[in-house]
Every structure is written in C-alpha cells, then in structure tokens.
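Overview (structure and organization)
Residues per chain are reported as follows:
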Amino acid sequence: MLLFSVFISSYVLKIKTEQKMIPAEDLKGEINKFYALDPVQYTFPNIGIKVGNKNAKIVIYAFTDFLCTWCYELFKMEKYFMSKYRNKVKVVYFNYPLDAECNKTLKDSMYKNSCHASRAMIAAQTLGISTEYILYHFNNYNKIKRGYSLETAVTLLQKVLREKNKSMTPLE
C-alpha cells in the first residue's frame, strides 16, 4: 500500500505541476530509493472499515476518499487481489475525504460532497453492511461520481440494505 501511495502521490503531484510524464530515470531512482529504505513497522488503529478475511495475513491499508478517481483505481486492483488470493487478503479502509467541508486540513475541496460518501461508509459499517456497501458503491462509481449528494448516499444505503435483507433467510 505504501508503495502504491508513494507512486500515486508522485504522479498526482507531477500532473498538478503540469509535467506530462515522469522521466524513466527519475522513476527508476525513486524506486531504488524506496527499496533501499529499512522496513518500518506501523500499527494502525482498529477503526477502519474491513473487507475480506478478518484473519488474513496480507492486509492492504487504504486511506480513501470514496469519490476519488485514483481511489477507485486502487479499488479495482484490490478487487483483483481479493479474487485472486481469496481468503488471504483483507483491505482496511480509512476515511480520508478530500473535501474541506469535513477535512479541516484542506484549504480547498478536490471532491465536493465526499464527506457524504465518507459518512455513508461509516453508516454502512455501523449497519453491518460495509463489505456489501463498498462493493456496491465502487461497482457503480462511474454512475454516481458526478452529482454525488446526501440523497445519493442515502439511496445507496437503502438499496444495499434491501438487497441484504432479501438475501437473509428467516430463522425458524
């Protein structure tokens, strides 16, 4: 996850500074610097939204804005890893909305209304439908990313709850 974050952050920074391509030598140098670093052990708080096998040995920590295009691209890679390695991988999402409305570390919003998406993810976790909600949200990302609102968040939560309730069998 750290490696991906480093490259995505570098890429976004290059785009924002209007450089069209990262020169191969620069990229190679950054990769070599990264692999020369000593490993660091991090301990994350146990508050993230967890998807996958809770006992998995491979854990991907994703600091995510749920309306972010690059975060959606990361989700597609995570989905691939989850399908390829089944019960060996777990993804832990931490909300990091790039919206100044709820993220006071930002001066400007990159993704307007992402605070609503973030709150919907927290609500889904509280309701016990975080896996289903994240899958539904990102599988419909291209339909919902423009014009996302509080109403969108509520509608998605309701749809996932209805589907979850349909799939549950009553106890006898």
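The coordinates are above.
Residues numbered from 1 in each chain as written. Predicted model: local features only at pLDDT ≥ 70, side-chain atom pairs only at ≥ 80, totals over all residues. Heavy atoms only, no water.

Here we look at the overall build of the protein
Applied cut-off: Helical segments are the DSSP runs of H or I of at least four residues, strand segments are the runs of E of at least two, and each set is numbered from the N terminus. When accessible area is computed with a 1.4 Å probe and restricted to protein chains, residues below 20% of their type maximum are described as buried, those above 50% as exposed, and intermediate ones as partly exposed. Any two residues whose heavy atoms approach within 4.5 Å at even a single point are treated as in contact.
Helices and strands together make up the secondary structure of the protein, namely 7 helices and 3 strands. The secondary structure elements of the protein, listed N-terminal to C-terminal, are α-α-β-β-α-β-α-α-α-α. Put simply, the protein has 172 residues, and 31% of those count as buried. Look at the contacts in the protein between residues 6 or more apart in sequence, and 68% of them connect residues 24 or more apart.

Some details on the pattern of salt bridges
Rule in force here: The salt bridge definition used is simple: a Lys or Arg side-chain nitrogen within 4 Å of an Asp or Glu carboxyl oxygen.
Taken as a whole, this structure holds 4 salt bridges when the rule is applied. Note that Lys33 is salt-bridged to Glu30, the shortest N-O span being 3.1 Å. Highlighted residues: Lys33 and Glu30, both in helix 2 (residues 24-36), separated by 3 residues, approximately one helical turn. The class for Glu30 is partly exposed, based on a relative accessible area of 41%. Glu132 is paired through a salt bridge with Lys164; the nearest N and O atoms lie 2.9 Å apart. Here Glu132, found in helix 5 (residues 130-139), pairs with Lys164, found in helix 7 (residues 150-167); they are 32 residues apart in sequence, far enough to count as distant.

Section: the nonpolar core
Which entries qualify depends on this criterion: Residues belong to one nonpolar core when they are buried, are Ala, Val, Leu, Ile, Met, Phe, Trp, Tyr or Cys, and are joined through side-chain atoms within 4.5 Å.
By size, the foremost hydrophobic cluster in this structure holds 32 residues, and its most contacted members are Tyr93, Tyr133, Ile134, Phe138 and Tyr148. The set of elements that each furnish at least two residues to this core consists of strand 1 (49-52), strand 2 (58-64), helix 3 (69-85), strand 3 (89-95), helix 4 (114-127), helix 5, helix 6 (141-144) and helix 7. When residues of this core are assigned to their parent elements, the largest contribution, 5 residues, is made by helix 3.

Some details on helix 5
Just so we agree on the cut-off: Arc, as used here, means the arc of the directions from the helix axis to the C-beta atoms.
Burial in helix 5 covers these residues: Ser130, Tyr133, Ile134, His137 and Phe138. Buried residues in helix 5, looked at end-on, bunch into an arc of 115°, giving them a common side.

Section: the pairing of strand 3
To be explicit about the condition: Should DSSP find at least two bridges between two strands, the strands are taken to pair. Consider the strands pointing away from the viewer: the crossover is right-handed when the path from the first strand over the helix to the second runs clockwise.
Summarising burial for strand 3: 6 of the 7 residues are buried, a large majority. Here 4 bridges tie strand 1 to strand 3, and the two strands are oriented antiparallel to one another. Directly across from Gly52, in strand 3, lies its bridge partner Lys90. With 7 bridges joining them, strand 2 and strand 3 adopt parallel strand pairing. Of the residues in strand 3, the one forming a bridge with Tyr61 is Val92. Viewed along the sheet, the connection from strand 2 through helix 3 into strand 3 turns out right-handed.

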